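Listed here are the chains, written in short residue letters.
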Amino acid sequence: MQEQHTKRKKAKLLVYGCQMNRSDAERMEGQLQEIGYEATEDMSEADLILINTCCVRETAEDRVYGKIGEIKHLKERNPQLIFGITGCMAQKEGEKLIQRAPHIDFVLGTNRVHELTRIVEEIEAEHTPHVEVGVAETELPALNAPVARESKLTAWVPIMYGCNNFCTYCIVPHVRGRERSRSMEDILQEVEGVVAEGCQEVTLLGQNVNSYGNGSEESFAELLRQVDQVEGIRRVRFMTSHPKDLSDEVIEAIRDGEHICEHIHLPVQYGSDAILKRMNRKYTVDSYRALVKRIRAAIPEVSLTTDLIVGFPGETEEDFSAMLDFLREIRYDSAYTFIYSKRSGTPAATMENQVEDSVKHERLTRLMEVQNEISREINETLKGRIMEILVEGPSKNDEATWTGRTRTNKMVLFPHKGEQAGDFIQVKITQPQTWVLKGEQV
Ligand code: SAH
Ligand code: SF4
Ligand code: F3S
């Protein structure tokens with residue numbers, strides 16, 4: 001008994017999906033610390049395992065099912081192990097997850113992140129199988145939860161939850177609920193807090209940050225201006241921007257803000273009107289092109305990145321070739337490219353003329369070839385340039401090579417000569433590549 005009181009309990013959180021999920025996970029970790037858990041990297045010694053899941057594509061779900069299977073053996077060896085599923089798949093599948101894998105103790109939806117402590121404590125107290133499925137929608141999830149941040153240098157700050165856009169391929173609005181914005185006061189308080197603790201960079205998060213405010217007087221442009229002025233802040237980032245609502249006022253706020261980084265992630269998804277319409281994106285190739293023109297006129301140094309989906313139902317070779325032309329015209333700094341994945345319950349899943357897998361893969365390869373060449377050409381133009389980076393730390397493979405990011409969100413690798421994480425340094429770009437820039441401190 002004595003030992004049980006003194007031994008710290010250990011928790012392992014596995015996190016899949018987007019930044020929003022990682023941000024939620026920080027609020028789960030914070031809650032677990034509050035009730036006496038410390039983080040472990042080793043699942044086999046954990047008293048509690050949580051998987052914060054993503055279901056945006058089938059491949060994301062498959063990875064989670066694989067992990068759920070692995071954890072069954074751990075649970076057999078240690079029946080006291082508490083095993084929970086949270087996040088988007090939890091919201092989508094609810095009880096079905098436990099029916100499929102009875103070694104799961106609880107399923108907690110995206111809207112109820114803040115209830116984690118209560119559920120874990122109840123399960124600990126009962127010491128018997130306890131099944132809880134919480135997926136009902138609440139006002140603003142996770143807000144009052146303590147936050148255990150992944151990084152001391154950069155912080156994610158959610159500004160809104162949910163999505164109202166219902167792109168026809170996308171499951172997110174179904175698992176994250178309707179748009180709800182935090183108050184500006186609340187957001188500023190969190191930003192001031194992290195900056196006071198030494199954070200240099202803040203990323204404002206939402207599925208569509210441009211519609212922040214839900215029609216109230218609090219607009220995203222105003223929020224950017226306010227965050228820019230927080231005492232001591234060095235860099236402000238934000239994502240994601242839906243092209244249909246990126247206003248001129250927001251462009252001006254980015255242009256004028258001293259700390260607002262010159263990077264806009266502006267997913268176009270596709271480069272032909274017929275497909276954009278069937279995707280329900282609510283803009284055309286022309287209006288997107290005009291938007292990019294306005295952005296580049298106001299912020300010449302801007303880096304633009306995007307998300308692209310190949311193999312959407314009905315995609316023809318002509319559509320695809322129009323998309324490649326569009327990429328060559330816009331010239332994104334980089335792109336995340338995805339193969340369309342059918343999500344049941346979304347309109348696109350039952351559309352006619354689903355594209356064959358082999359065709360999807362072949363198009364993805366061609367798409368990546370075109371984009372990689374563009375990324376490389378753009379990076380080539382930076383050779384010899386001196387750029388400011390925020391030093392992050394050693395690179396994955398080599399302790400002597402450190403990484404940092406430019407304001408335009410490009411990763412720079414440089415030989416380490418005593419710089420500290422959190423330093424702002426000037427580097428000269430010596431060897432630009434497709435995905436990273438190599439350079440040295442000047
Ligand atoms: N809210 C953001 C992104 C959310 S999901 C936005 O609107 O841009 C991230 C990306 O996943 C999307 O931009 C899209 O490119 C991709 N995606 C979403 N659903 C998908 C699906 N069913 N198949 C393939 N990719 C998908
Ligand atoms: Fe999905 Fe579209 Fe909402 Fe983005 S804007 S989360 S792609 S429905
Ligand atoms: Fe995935 Fe949910 Fe994000 S489905 S992409 S984790 S909002």
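Reference entry: report on the structure contained in this document. (Residues numbered from 1 in each chain as written. Chains lettered and ligands numbered in written order. Predicted model: local features only at pLDDT ≥ 70, side-chain atom pairs only at ≥ 80, totals over all residues. Heavy atoms only, no water.)

### Section: the pairing of strand β13 (residues 303–310)
1) Next: Of all the 8 residues making up β13, 8 are buried; the element is thus mostly covered by neighbouring parts of the structure.
2) Next: Because side chains alternate across β13, one face comprises the buried residues S303, T305, D307 and I309, and the other comprises L304, T306, L308 and V310, equally buried.
3) Next: As paired strands, strand β12 (residues 263–265) and β13 are joined by 3 bridges and run parallel to one another. Pairing of H263 across the sheet is with S303, part of β13.
4) Next: The pairing of β13 with strand β14 (residues 334–339) spans 6 bridges and is parallel. The residue of β14 that forms the bridge with V310 is I339.
5) Next: Crossover β13 to β14 through helix α13 (residues 317–330) is right-handed. (Buried < 20%, exposed > 50% of the residue type's maximum accessible area, 1.4 Å probe, protein only. Helix = DSSP H or I, 4+ residues; strand = E, 2+ residues; numbered from the N terminus. Pairing = 2+ DSSP bridges. Right-handed = clockwise from strand over helix to strand, strands pointing away.)

### Focus on the site of ligand 2
1) Next: In the neighbourhood of ligand 2, the contacting residues comprise C163, N165, F166, C167, Y169, C170, V172, P173, Q207, H242 and R281.
2) Next: For the shell around ligand 2, the residue count by class is 7 nonpolar, 3 polar and 1 charged. (Near = heavy atom within 4 Å. Nonpolar A, V, L, I, M, F, W, Y, C, P; charged D, E, K, R; others polar.)

### Observations regarding the sheet that holds strand β7 (residues 154–158)
1) Next: A sheet is described by the order of its strands in space; here 3 strands give the open sequence β7-β10-β11, paired in parallel fashion. A strand with exactly one partner marks an edge of an open sheet, and here the two such strands are β7 and β11 (235–239). The average undirected angle you get between the axes of adjacent strands in this sheet is 20°.
2) Next: Pairing between β7 and strand β10 (residues 201–205): 5 bridges, direction parallel. When the bridges of β10 are listed, P158 appears paired with L205.
3) Next: Across the sheet, helix α8 (residues 184–196) lies against β7 and β10, angled at about 170° from β7, the strand it touches most. (Axes fitted to C-alpha atoms, helices over the stretch in contact; angles between N-to-C directions. Contact = heavy atoms within 4.5 Å.)

### Comments concerning the site of ligand 1
1) Next: The environment of ligand 1 is made up of 15 residues, and the closest members are Y169, Q207, Q269, D307 and S341.
2) Next: Within the side chain of Q269, a nitrogen or oxygen atom sits 2.6 Å from an oxygen atom of ligand 1.
3) Next: Note that an oxygen atom of ligand 1 is positioned 2.6 Å from one of the side-chain N or O atoms of D307.
4) Next: For ligand 1, whose unbound accessible area comes to 540 Å², protein coverage reaches 90%.
5) Next: Only β13 and β14 provide two or more residues apiece to the shell around ligand 1.
6) Next: Of the residues belonging to the shell around ligand 1, the class tally is 7 nonpolar, 4 polar and 4 charged. (Polar contact = N/O pair within 3.5 Å; in protein donor to acceptor, adjacent residues only side chain to side chain. Areas by Shrake-Rupley, 256 points an atom, 1.4 Å probe, with all protein chains shown as cover.)

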